[in-house]
Amino acid sequence: MSPAPEIRSEKLPSREMFPFQSHFFSVGPHKLHYVDEGSGPVVLLLHSCPFWIYEFRELIKDLRKDHRVIAIDQIGFGLSDKPRIFDYRIETHADHLDRFTRELGLKDITLVMHGRGAAIGMAVAIRRPEDFKGIVMLNAMSFSEYKLPWRLQACRLKWIGPKIVMNLRIFQRDFDKLPEQIRAGYYFPFKTPRDQEPVLHFIEDLPSAPEDSSAQTMFEIESSLWLLRDKPCCIIWAKHDWLYTMENFKRWEQYFPRADKHVINKAGRTLMEDAPEEICRHIRNFLEANAL
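Criteria and thresholds
- Residues numbered from 1 in each chain as written.
- Predicted model: local features only at pLDDT ≥ 70, side-chain atom pairs only at ≥ 80, totals over all residues.
- Heavy atoms only, no water.
- Helix = DSSP H or I, 4+ residues; strand = E, 2+ residues; numbered from the N terminus.
- Buried < 20%, exposed > 50% of the residue type's maximum accessible area, 1.4 Å probe, protein only.
- Contact = heavy atoms within 4.5 Å.
- Areas by Shrake-Rupley, 256 points an atom, 1.4 Å probe, with all protein chains shown as cover.
- Pairing = 2+ DSSP bridges.
- Axes fitted to C-alpha atoms, helices over the stretch in contact; angles between N-to-C directions.
- Core = buried A, V, L, I, M, F, W, Y, C linked by side-chain atoms within 4.5 Å.
- 1 Å grid on protein atoms, 1.4 Å probe; cavity = no way out; pocket = protein on both sides within 12 Å on 5 of 7 lines; lining within 4 Å.
- Points joined across faces, edges and corners; volume = space filled by probe spheres on them.
- Nonpolar A, V, L, I, M, F, W, Y, C, P; charged D, E, K, R; others polar.
- Expected span 1.5 Å × (residues − 1).
- Phe/Tyr/Trp six-rings, centres within 6.5 Å; stacked < 30°, edge-to-face > 60°.
- Polar contact = N/O pair within 3.5 Å; in protein donor to acceptor, adjacent residues only side chain to side chain.
- Disulfide = S-S within 2.5 Å.

A. Quick look at the overall build of the protein chain. From N to C terminus, the protein chain includes 11 helices and eight strands. Here the protein chain holds 292 residues, and 59% of them are scored as buried. Restricting the contact set of the protein chain to residue pairs at least 6 apart, pairs at least 24 apart contribute 74%. As displayed, the protein chain has an accessible area near 12400 Å², and 51% of this comes from carbon and sulfur atoms.

B. Focus on the sheet that holds strand β2 (residues 30-37). Here eight strands make up an open sheet; going across it, the order is β1-β2-β4-β3-β5-β6-β7-β8 and the pairing mixed. Strands with a single pairing partner mark the edges of an open sheet, and in this sheet they are β1 (22-27) and β8 (260-268). For this sheet the average axis-to-axis angle between neighbouring strands, irrespective of direction, equals 20°. Helix α3 (residues 117-127) rests against β3 (42-46), β5 (109-115) and β6 (132-140) of the sheet, and its axis sits at about 150° to β5.

C. Up close: the nonpolar core. Grouped together as the largest cluster of nonpolar side chains are 57 residues, with contacts concentrated most on Phe100, Met122, Met137 and Trp252. When residues of this core are assigned to their parent elements, the largest contribution, eight residues, is made by α3. When residues no more than four places from it in sequence are discounted, the contact partners of Trp252 are Met122, Met137, Ala140, Met141, Ser142, Phe143, Leu225, Ile235 and Trp237. One finds Phe20, Tyr186, Ala275 and Ile283 within the second-largest nonpolar core, a separate group that totals 40 residues.

D. Inspection of the side chain of Glu55 at higher detail. With respect to the helices and strands, Glu55 occurs in the loop between β3 and α1 (57-63). Among residues more than four places away in sequence, those in contact with Glu55 are His47, Ser48, His114, Tyr186 and Met272.

E. Summary view of empty space enclosed by the protein. Scanning the entire structure with this criterion turns up two cavities of 30 Å³ or more. A volume near 60 Å³ is recorded for the largest cavity. Here the lining of the largest cavity is built from residues that sort into seven nonpolar, no polar and two charged. If you go around the second largest cavity, the residues you meet are Leu32, Ile72, Gln74, Ile75, His93, His96, Leu97 and Ile120. No other element matches the three residues that helix α2 (residues 90-103) contributes to the lining of the second largest cavity.

F. Structural view of α2. In this model, α2 (14 residues) spans 20 Å end to end at C-alpha, consistent with the 20 Å of a helix rising 1.5 Å per residue. Every buried residue of α2 is accounted for by Ile90, Thr92, His93, Ala94, His96, Leu97, Asp98, Phe100 and Thr101. Gly105 occupies a position one or two residues after α2 and carries a positive phi of about 65°.

G. Spotlight on the packing of aromatic side chains. On inspection of all chains with the given rule, the structure shows 16 aromatic pairs. Where Phe25 meets Phe100, the ring centres are 5.2 Å apart and the plane angle is 80°; that geometry is what we call edge-to-face. A residue pair is termed long-range when its members are at least 10 positions apart, and Phe25 in strand β1 and Phe100 in helix α2 qualify at 75 residues. Exposure remark for Phe100: the relative accessible area of 1% places this residue in the buried category. Relative to Tyr186, the ring of Phe51 lies with its centre 5.7 Å away and its plane at 90°, an arrangement referred to as edge-to-face. Of this pair, Phe51 sits in the loop between β3 and α1 while Tyr186 sits in helix α6 (residues 180-187); the two residues are 135 residues apart in sequence, bridging distant segments of the chain. For the pair Phe51 and Tyr186, one class covers both residues: buried. Connected via pairs of aromatic rings, a cluster forms that spans Phe18, Phe20, Phe51, Trp52, Tyr54, Phe175, Tyr186, Tyr187 and Phe188.

H. Layout of the environment of Arg84. With respect to the helices and strands, the residue Arg84 is situated in the loop between β4 (68-72) and α2. Assessed through its relative accessible area of 52%, Arg84 is described here as exposed. Between the C-alpha atom of Arg84 and that of Glu197, which follows or precedes it by 113 residues, the distance is 7.5 Å. With sequence-adjacent residues up to four places away left out, Arg84 is seen in contact with Arg194 and Glu197. Here the side chain of Arg84 touches Glu197 through a polar contact of 2.8 Å, side chain to side chain.

I. Quick peek at helix α11 (residues 276-289). Taking 1.5 Å of rise per residue, the 14 residues of α11 would be expected to cover 20 Å, and the 20 Å separating its terminal C-alpha atoms lies within 8% of that figure. The set of residues buried in α11 consists of Ile279, Cys280, His282, Ile283, Arg284, Phe286 and Leu287. Downstream of α11 by a residue or two, Ala291 has a phi angle that is positive, lying close to 50°.

J. Focus on the state of the cysteines. Under the counting rule described, the total for this entry stands at zero disulfides. You can see Cys233 has no disulfide; the closest cysteine sulfur is in Cys234, sitting 7.1 Å from it. Residue classification places Cys233 among the buried positions, given a relative accessible area of 5%. Given a relative accessible area of 0%, Cys234 falls into the buried group.

So far we have only geometry, and geometry alone does not tell us how the molecule works.
As structure tokens, this is what we get:
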């Protein structure tokens with residue numbers, strides 16, 4: 001692991017909005033950004049796309065009072081490097097997370113996963129189930145069969161897809177409804193159209209057919225979820241998320257029938273902004289009830 005470089009406060013949205021010390025982990029020639037706050041049982045936060053650690057800021061501030069809270073920015077997102085030449089497949093991100101948790105010596109981990117963070121986190125958890133103690137799902141997907149919403153289908157069209165993603169920023173339009181200061185934090189890592197390339201790679205990597213590059217990886221993850229069925233699990237679901245719908249929620253119920261389940265009627269794609277206090281309360285109650 002490399003030493004943490006200095007990050008000047010004016011580079012971040014604001015110290016009030018992001019009051020955490022930044023650390024960096026080497027992934028080959030690239031730097032993976034993470035925060036490591038508090039002490040106690042480990043809670044590992046994995047963001048969705050096109051989000052970054054910033055979406056978890058209220059949860060980090062709450063849980064660091066009595067937990068060690070670690071959140072990472074996947075390569076290509078947040079304050080991590082955004083290399084143009086890089087393997088952005090889910091399996092590669094999982095390999096990085098596997099090495100990260102091993103080198104930091106993390107044990108008895110509770111995973112909190114949003115969106116594609118679940119595919120990455122579950123890929124590691126099924127490799128080493130003995131190191132993972134609890135699971136929290138926030139509108140997530142780790143399934144081999146997935147029907148792409150129409151707006152993502154458009155983003156995968158060969159000639160216009162990159163323009164839709166990188167110039168029109170269609171995948172980040174959900175941020176536009178947020179108050180200006182908060183919205184600026186979500187857009188902060190995406191200063192140029194080129195910074196949008198990892199978002200495009202995520203959309204291209206979503207498996208919707210058996211021949212897609214990550215289809216086999218997702219099949220292996222889903223077929224191994226039974227290894228985690230006895231872990232305490234909490235499923236928190238924003239009812240109005242257009243990407244991870246209630247259909248996905250029902251599939252998680254099938255794999256974790258004894259899970260604590262909470263559907264938030266007023267929340268959508270930006271669920272951590274739509275209902276931060278309610279989500280923090282559900283997660284804290286789950287941790288306390290299961291001694292995590």
